[in-house]
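Understanding the architecture of this molecule
Each chain is listed here by its residues.
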Amino acid sequence: MFIRVAVAILACLLTIWAIQAFAKPAPWYLWESRVDGHRLCHQYDPGDGWSRVGGPFKDAHCRIATLPPRAG
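Residues numbered from 1 in each chain as written. Predicted model: local features only at pLDDT ≥ 70, side-chain atom pairs only at ≥ 80, totals over all residues. Heavy atoms only, no water.

This next bit is on the overall build of the protein chain. What the protein chain contains, in helices and strands, is 1 helix and 3 strands. The linear arrangement of helices and strands in the protein chain, starting from the amino end, is α-β-β-β. Against the compact-globule benchmark of 11 Å for 72 residues, the protein chain has a radius of gyration of 20 Å, which places it well outside the compact range. Oriented by its inertia axes, the alpha-carbon framework of the protein chain measures out at about 65 × 25 × 20 Å. By the burial criterion, 17% of the 72 residues in the protein chain qualify as buried. Contacts in the protein chain between residues at least 24 apart in sequence constitute 25% of all its contacts with a sequence separation of at least 6. Element-wise, carbon and sulfur atoms account for 63% of the exposed surface of the protein chain, whose accessible area totals about 6,200 Å². Of note, the protein chain has its 8 positive side-chain charges centred 16 Å away from the centre of its 5 negative side-chain charges. (Helix = DSSP H or I, 4+ residues; strand = E, 2+ residues; numbered from the N terminus. Rg over C-alpha atoms; globule rule 2.2 N^0.38 Å. Buried < 20%, exposed > 50% of the residue type's maximum accessible area, 1.4 Å probe, protein only. Contact = heavy atoms within 4.5 Å. Areas by Shrake-Rupley, 256 points an atom, 1.4 Å probe, with all protein chains shown as cover. Lys, Arg positive; Asp, Glu negative; His and termini not counted. Charge placed at Lys NZ, Arg CZ, Asp CG, Glu CD.)

The following block contains the structure:
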C-alpha cells in the first residue's frame, strides 16, 4: 500500500515538474497612464487608468521586442 502511494506521489511531482519545464515567462508590455501620460513596463494590466501602447517585449525595460504569444 505504501509503495503505491509513494509511486502516485512521485508520478504527480514528475508531471508537475515536466509541465513547468516547458513553461515560458509572460511577455512584457508598455503601458501609459490615461491621467498624466506616465509610462511603465508590466507583464499584466496595471488597472483601469492605463492603456497598452506597446509590446510584447522580452525584457523588463520594454526594449527587446518579441513575437506575440500564440493562442492555444
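Structure shown, so let's carry the discussion forward.
Counted according to the given criterion, the structure contains 1 disulfide. The disulfide partner of Cys 41 is Cys 62, and the gap between their sulfur atoms is 1.8 Å. Judged by the sign of its S-S torsion, about 85°, the cystine formed by Cys 41 and Cys 62 is right-handed. Of this pair, Cys 41 sits in strand 2 (residues 39–42) while Cys 62 sits in the segment after strand 3 (50–57), and the two are 21 residues apart along the sequence. Using a relative accessible area of 17% as the deciding quantity, one classes Cys 41 as buried. What makes Cys 62 buried here is its relative accessible area of 11%. (Disulfide = S-S within 2.5 Å.)

The residue after Gly 55, namely Pro 56, is reached through a cis peptide bond having omega 10°. Examined against the element boundaries, Pro 56 turns out to sit in strand 3. Although it is not a glycine, Cys 62 sits at a positive phi angle of roughly 55°.

Remember, this is a structural readout, not a statement about activity or role.
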